[in-house]
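# Summary of the model geometry
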Amino acid sequence: MASGINPRVFKVCLAIGTFLLAANSVIAQKVIVDAAPSQVVNTFSPPHSLGAAIDRLRTGTPDKLLTDPMLKEILGAGWQTVTYRQNTELMVEAWHWNPNGKWSDREKQQGYFVGNADPTAEMIRHSWAAPLPHRGFSRGDGNGWSRLTDGDPKSYWKSNPYLSKAFTGEDDSLHPQWVMIDLGSKVGVNAIRIAWAEPYARRYFVQFWTGEMEPFYDGTTKGTWQTFPLGAVTEGRGGTVTLKLVSWVVPVRYLRILMTESSNTCDTHGSADKRNCVGYAIAELYAGALSEDGQFNDYVTHFPSRQQTVTWPSSVDPWHAASDMDESRGDQVGFDFFFTSGVTRGLPTMVPIAMLYSTPEDAANEIAYLFKRHYPISWIEMGEEADGQHMLPEDYGALYLQFATAIHKAVPEAKLGGPPFEGTFGDVEVWPDAAGKVSWIGRFVDYLKAHGRLDDFTFFSFEHYPYQDKPTYSWADLYPEPEFVGHIVQVWKDNGVPPGIPFFMTEGNIGGGAGPSSVKSALWLADYVGSMMAAGAGATYYFHYMPSPDHPGGFLMIDQNYHLLGYPPQYLASQLITQEWVQPIDAPHRQFKAESDVKDAAGTVLVTAYAVERPDKKWSVMLVNRDQYNDHAVKVVFADPESKHDRYFSGPLDRITFGSNEYQWHQEGTGGHADPDGPLSRSTVTAAAEMFYLLPKASITVLRGSVASATAQDGH
């Protein structure tokens, strides 16, 4: 360790970046690369595998970000391929990817909008979205509120018509729709009042949650939905009904209305479109206590804002009107501007379709448009974060098949997949089915198999935000990242991702607290990319790629006029990963497993390692010293159990480092500046078998050079 090195020798070593000592003169610390040809853990091409994600941008900013000089700075980080994120799904909005199209109700400019599939001379430079007027969510992203508890008897929630028998071809009981009320805390409940709209539920069940935790995420398997003794209705007739659910009161927080048979009567939009006449609709919900004399005490807060009592629905009807369009909520970036701006580098791009709140015809036209424009498309993500919208896998599967059929009719070669999942540490679990199965991905794959359509699922995608919900994170939070990655990838495989299909992390970062004041986020990024690719990912996409004046911890520090102020740690780490660790060329890199024995007293691994054999025949090892206080010296060994000969770097060796010596933050009030702010440190030495390489504290180091054959080094 550095503490065992003579100070004078240490100073010399620090200056040149490496040092050579007898193996027994320092504590033996090794990085061992399993370099046997049979031990390749992944083969990838950086232009297709190391990319970045571009989300909806603030209105008025795409012209500033996707043009030079800012675009040149963004591309300078070295990320290659991009994935286009579909943010309107998270906002419960209908996306107009093409502002030119047709309404199902042309006269009134309302209904279901389908963008034009045929390109014109006009460039699609911007695309906008409309908040859905039949929304049932009062939480989630965006600023919309639920129509279930808004106090307006004329507004209503309506379920997605594409989940009804008219479109799935399956009995409605196989795709029950539901709405849930969160009363905020446990209160004594014995009654519910439902103001049904059209179509109403003929058969439904009023239930309460038995668990102490919320019914989603952590609490999913910690309780059950239990129907109230008087909560089953088999011959519903609509209207406003008050149901006595039990002769006493039950302390509950979460209530659910599970609907399994529709009246199939038409809503306020008329009978001309069958989509108006299927599913379920509720105008207002009330829950509370019914006294002996018939007085109903309502516990629900009815208000047209997010201060209302919280509700969640199973789905939402994508019906909307031209008057619902809201350009102030952000620009999804028009596809023509996106593909011609240069941000894609001309590489095949992963694009999304809106699926949760759209129509199969609109999605098919989108993909047809892109192919007619001859834009290079790699993969097509089907919807966005269905698990975050609390959609059950069978419902997602039913939509997936309808949209896949429409897309493949227009573009047979289109490669489809998804879902993508929100960032999570473990399997996404949902309420158990009749067989007790709770795995979301497992049940989705089962649904495709049961319908003979597994071939339509060509890749699996998910997001990764290990500390998304934390306002900040400690240095120790860096240590679990490789284990997080290895665990989650194995979970997906164990729970049903078909073997042989590629998987992609399509959007991710460390999450909250990744400010510019330290290099923590940079070290995390190197660990994350190295471990995700070692786990076999087809690609990984860095998120927060687009800088913002209001986000000082973003990818680039810029002022209100979009002038560059500085390079935050993740930008500089990106350059090291994409331009030094790998070659930024379209050629295969072979990655091998690498392990380190550099640990602290508690057994925590302080130095991680990621090794690739590059197309230029050089070996490149990325070493992350996660010790924020101490330098470490390691010997790098290329072990080959098959030949039983160890090998080592030999000859000229490049050493490139970024860490706390290259980046130091100086706080100034609520802001500050970095000095130094890069660049990466570089040196070249002559490597030898017994050489130890210095890894400065809190740093990422790439060692890159030739590895001598076992015969040559044995002879030496």
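As shown above, the structure is provided for reference.
In short, a report on the structure. Everything quoted here is computed from the prediction, not taken from an experiment. The numbering scheme is per chain: residues are counted from 1 as the chain's sequence reads. Reporting in this predicted model follows two pLDDT cut-offs: at least 70 for local features of residues, and 80 or more for side-chain atom pairs to be given and counted; totals over whole chains, interfaces and linings ignore these cut-offs and use all residues. To get the side-chain values, all heavy atoms of the structure are used, and hydrogens and water are removed first.

### As for unusual backbone geometry
Of note, the bond from Glu198 into Pro199 is cis; its omega dihedral lies within 30 degrees of zero at -5 degrees. A run of H or I in DSSP becomes a helix once it reaches four residues, and a run of E becomes a strand once it reaches two; helices and strands are each numbered from the N terminus. With respect to the element layout, Pro199 can be found in the loop between strand E12 (191-196) and strand E13 (201-209). Across the junction of Pro419 and Pro420, the peptide omega takes the value -10 degrees, indicating a cis bond. As for its position among the elements, Pro420 is in strand E23 (residues 416-421). Here the phi dihedral of Arg345 falls at roughly 60 degrees; this positive angle occurs in a residue that is not glycine. The exposure class assigned to Arg345 is partly exposed, which follows from its relative accessible area of 33%. For every residue, the accessible area obtained with a 1.4 Å probe (protein chains only) is divided by the maximum for its type, and the residue is called buried under 20%, exposed over 50%, and partly exposed between those limits.

### Regarding the packing of helix H7 (residues 360-372) against helix H8 (residues 393-410)
H8 packs onto H7 with a crossing angle of 35 degrees between their chain directions and a minimal axis gap of 8 Å. Once H7 is placed against H8, the crossing between them reads as right-handed. Contacts from Pro360, Ala363, Ala364, Ile367 and Ala368 of H7 reach H8 at Gln402, Phe403, Ala406, Ile407 and Ala410. When its residues are assigned to classes, the contact of H7 with H8 shows nine nonpolar, one polar and no charged. Geometry is summarised by axes, namely lines fitted to C-alpha atoms with helices restricted to the contacting stretch, and by angles between N-to-C directions that run from 0 to 180 degrees. Helix crossings fall into two classes, left-handed where the near helix is turned counterclockwise from the far one by less than a right angle and right-handed where it is turned clockwise. Residue contacts are counted whenever heavy atoms from the two residues lie within 4.5 Å of one another. Three categories are distinguished: nonpolar for Ala, Val, Leu, Ile, Met, Phe, Trp, Tyr, Cys and Pro, charged for Asp, Glu, Lys and Arg, and polar for the others, with Gly belonging to the last.

### What to know about the packing of aromatic side chains
In summary, the pairing rule links any two rings of Phe, Tyr or Trp, Trp by its six-membered ring, whose centres are within 6.5 Å, and it sorts them by plane angle into stacked for under 30 degrees, edge-to-face for over 60 and tilted for everything else. Applying the stated rule across the entire model yields 50 aromatic pairs. Measuring from ring centre to ring centre gives 5.1 Å for Phe421 and Trp492, while their planes differ by 25 degrees; the resulting arrangement is stacked. Of this pair, Phe421 sits in strand E23 while Trp492 sits in helix H10 (residues 481-494); the two residues are 71 residues apart in sequence, bridging distant segments of the chain. Considering the side-chain rings of Phe592 and Trp619, the 4.9 Å spacing of their centres and the 45 degrees angle between planes classify their relative orientation as tilted. One end of the pair, Phe592, is in strand E29 (residues 589-592); the other, Trp619, is in strand E32 (residues 619-625), with 27 residues separating them in the sequence. Ring pairs connect the aromatic residues Tyr396, Tyr400, Phe421, Trp440, Phe444, Phe457, Phe460, Phe462, Trp492 and Phe503, which therefore count as one cluster. By definition here, charges over rings are those cases where NZ of Lys or CZ of Arg is within 6 Å of the ring centre and within 35 degrees of the ring normal. Above the face of the Phe337 ring, Arg125 is positioned so that its terminal group lies 4.0 Å from the ring centre. Sitting over the face of the ring of Trp379, Lys415 holds its NZ or CZ atom 5.2 Å from the ring centroid.

### Examining the sheet that holds strand E20 (residues 320-321)
For two strands to pair, DSSP has to find at least two bridges joining them. A sheet is described by the order of its strands in space; here three strands give the open sequence E7-E8-E20, paired in antiparallel fashion. Looking at which strands have only one partner, the edges of the open sheet turn out to be strand E7 (101-105) and E20. Alignment of E7 against strand E8 (residues 110-115), held across four bridges, turns out to be antiparallel. Counted as the bridge partner of Gly101 is Gly115 from E8.

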